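Here's the letter readout for the chains.
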Amino acid sequence: QVQLVESGGGLVQAGGSLRLSCAASGRTFTDYAMGWFRQAPGKEREFVAVITWSGGNTNYADSVKGRFTISRDNAKNTVYLQMNSLAPEDTAVYYCAAAWRSWGQPTSGDLYSYWGQGTQVTEH
């Protein structure tokens, strides 16, 4: 089992920034690619960003490219999502998730085995 705990969400003004963190425990962190997903009210969950187990490769949804940055610190078993230039459409519950590293940079939530409880991000 992998336990994932997100933090860092909150209220932010238009154009502002937030950094989300996701602390992992339970298994070897580097066995997993780590992703961020989000779900807005009334909408389906959508992929945001993913980083490979080594941190050497990343992938982003088109809607966040150039504004969001995913990173990880394998010594701290933590993955981050730096969000800049936040817009109303970024309002959602953000989830981090872990996928077995052999999947590479998975963008489908179906390939992720473990999920955090989510953290709310609200742009106003």
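J.: Tell me about the overall build of the protein chain, and name the residues and values.
T.: Regarding its fold elements, the protein chain presents zero helices and 11 strands. A globule of 124 residues ought to have a C-alpha radius of gyration of about 14 Å, and the protein chain, at 13 Å, matches this closely. For the protein chain, the spread of C-alpha atoms along the three principal axes comes to 40 × 25 × 25 Å. Split into buried and exposed, the 124 residues of the protein chain put 44% on the buried side. Within the protein chain, contacts between residues at least 6 apart in sequence are counted, and of these 59% link residues at least 24 apart. When the accessible surface of the protein chain is totalled, it reaches about 6100 Å², and 46% of it is carbon and sulfur. Averaging the locations of the 10 positively and 10 negatively charged side chains of the protein chain gives two centres separated by 6 Å.

J.: Give me the side chain of Arg 67: which residues, what numbers.
T.: Here Arg 67 is to be found in the loop between β6 (58-60) and β7 (68-73). With relative accessibility at 17%, the residue Arg 67 sits in the buried group. At 2.9 Å, the side chain of Arg 67 and the backbone oxygen of Ser 63 are in polar contact. At 3.0 Å, the side chain of Arg 67 forms a polar contact with the backbone oxygen of Ser 85. The contact partners of Arg 67, leaving out residues within four places of it in the chain, are Gln 82, Met 83, Asn 84, Ser 85, Leu 86, Ala 87 and Asp 90.

J.: How would you explain the state of the cysteines if you had to name every residue and give the values?
T.: In total, this model carries one disulfide according to the counting rule given. Disulfide pairing places Cys 22 opposite Cys 96 at an S-S distance of 1.9 Å. With the S-S bond torsion at 40 degrees, the cross-link from Cys 22 to Cys 96 turns out right-handed. Of this pair, Cys 22 sits in strand β3 (residues 18-25) while Cys 96 sits in strand β9 (residues 92-100), and the two are 74 residues apart along the sequence. Of the two residues, Cys 22 and Cys 96, neither departs from the other in class, the shared state being buried.

J.: Go over the sheet that holds β7, please, and point to the residues and values.
T.: Across the sheet, four strands lie side by side as β1-β3-β8-β7; this open sheet has antiparallel pairing. On the outer flanks of this sheet lie β1 (3-7) and β7, each paired with one strand and no other. Strand-to-strand twist of the sheet, defined as the mean angle between neighbouring strand axes without regard to direction, takes the value 15 degrees.

J.: Let's hear about the packing of aromatic side chains: which residues, and what values?
T.: Taken as a whole and judged by the stated rule, the model has six aromatic pairs. Residues Tyr 32 and Tyr 114 carry aromatic rings whose centres are separated by 6.0 Å and whose planes lie at 80 degrees to one another, so their mutual orientation is edge-to-face. Of this pair, Tyr 32 sits in strand β4 (residues 32-39) while Tyr 114 sits in strand β10 (residues 114-115), and the two are 82 residues apart along the sequence. Tyr 114 matches Tyr 32 in its accessibility class, with the two residues each being buried. Three or more aromatic residues link up through ring pairs in this structure, and these residues are Phe 37, Phe 47, Tyr 112 and Trp 115.

J.: Describe in detail the pairing of β7, supporting the description with residues and values.
T.: Burial along β7 is one-sided: Phe 68, Ile 70 and Arg 72 are buried, while Thr 69, Ser 71 and Asp 73, pointing the other way, are not. Direction of pairing for β7 relative to strand β8 (residues 78-83): antiparallel, over a ladder of six bridges. Across the sheet, Arg 72 pairs through a bridge with Val 79, a residue of β8. Where β7 hands over to β8, the hairpin turn is made up of four residues, of which Asn 77 adopts a positive phi near 55 degrees.

What counts as what
Residues numbered from 1 in each chain as written. Predicted model: local features only at pLDDT ≥ 70, side-chain atom pairs only at ≥ 80, totals over all residues. Heavy atoms only, no water. Helix = DSSP H or I, 4+ residues; strand = E, 2+ residues; numbered from the N terminus. Rg over C-alpha atoms; globule rule 2.2 N^0.38 Å. Buried < 20%, exposed > 50% of the residue type's maximum accessible area, 1.4 Å probe, protein only. Contact = heavy atoms within 4.5 Å. Areas by Shrake-Rupley, 256 points an atom, 1.4 Å probe, with all protein chains shown as cover. Lys, Arg positive; Asp, Glu negative; His and termini not counted. Charge placed at Lys NZ, Arg CZ, Asp CG, Glu CD. Polar contact = N/O pair within 3.5 Å; in protein donor to acceptor, adjacent residues only side chain to side chain. Disulfide = S-S within 2.5 Å. Pairing = 2+ DSSP bridges. Axes fitted to C-alpha atoms, helices over the stretch in contact; angles between N-to-C directions. Phe/Tyr/Trp six-rings, centres within 6.5 Å; stacked < 30°, edge-to-face > 60°.

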